[in-house]
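Reading the structure
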Amino acid sequence: MSKLRWSELEAAIPLADLPAFHRAFLALHRPELEAQALPLRRVQQYVTQTLHTLAKQGLARPVEGDFELEAEALPEPYRSRFSG
């Protein structure tokens, strides 16, 4: 499976749908946060923290101020949408 750039994923998702994508990402990797109930600002902070954590775990890789990650690190239905 190919690696995906986080910034490219975000750019491909309509702006109005980004909060749902970020919350689904957090629900997959940090369900204890209960992201559906968090304010958007907190969601954005936790997404950044989570990307750094995934990089430390070898599930993502920092690249030029961005992150690359495997499609399997994405929540469904986004995974199938971007895995080609």
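Quantities reported herein were computed from a predicted structural model and do not represent experimental measurements.

In this section: the sheet that holds strand 3 (residues 66-70). Taken together, three strands build an open sheet; the order of strands is 1-3-2 and the sheet is antiparallel. Single-partner strands in this sheet number two, and they are strand 1 (3-5) and strand 2 (60-63). On average, each strand axis in the sheet is tilted by 30° relative to the strand beside it, whichever way the strands run.

Okay, the side chain of Thr50 next. Within the secondary structure, Thr50 sits in helix 3 (residues 40-56). For Thr50, a relative accessible area of 2% corresponds to the buried category. Discounting residues that sit within four places of it in the chain, Thr50 has contacts with Phe25, Leu26, His29 and Arg30.

The two faces of a sheet get side chains in turn, since along a regular strand they alternate between them. Across four bridges, strand 2 lies against strand 3 in antiparallel orientation. Looking at strand 3, one finds that Ala60 is bridged to Leu69. The turn linking strand 2 back onto strand 3 is made up of two residues, and Glu64 within it adopts a positive phi angle of 50°.

So, on to the packing of aromatic side chains. Throughout the structure, instances matching the rule amount to three aromatic pairs. With centroids separated by 4.8 Å and ring planes inclined at 55°, the aromatic side chains of Trp6 and Phe25 adopt a geometry described as tilted. Linking Trp6 in helix 1 (residues 6-12) with Phe25 in helix 2 (residues 18-29), this pair joins segments that are 19 residues apart in sequence. Each member of the pair, Trp6 together with Phe25, is buried. Among the aromatic side chains, those forming a connected cluster through ring pairs are Trp6, Phe21, Phe25 and Tyr78.

So, how was this worked out
- For every chain, the first residue of the written sequence is number 1, and numbering continues from 1 onward in sequence order.
- Side-chain atom pairs in this predicted model are given and counted only at pLDDT of 80 or more, local residue features only at pLDDT of at least 70, and totals for whole chains, interfaces and linings cover all residues.
- Side-chain measures were taken over the full set of non-hydrogen atoms in the model, leaving aside hydrogen atoms and water.
- If DSSP finds at least two bridges between two strands, the strands pair.
- Only DSSP runs of H or I covering at least 4 residues are called helices, and only runs of E covering at least 2 are called strands; the numbering of each starts at the N terminus.
- Fitting a line to C-alpha atoms yields each axis, with helices limited to the stretch in contact; the angle taken between N-to-C directions then spans 0 to 180 degrees.
- Classification of residues uses two cut-offs on accessible area relative to the type maximum, computed with a 1.4 Å probe and protein chains only: under 20% is buried, over 50% is exposed, and between them is partly exposed.
- Whether two residues are in contact is decided by their heavy atoms: any pair within 4.5 Å suffices.
- Two rings from Phe, Tyr or Trp (for Trp, the six-membered ring) form a pair when their centres sit within 6.5 Å of each other. Planes less than 30 degrees apart are called stacked, planes more than 60 degrees apart edge-to-face, and all others tilted.

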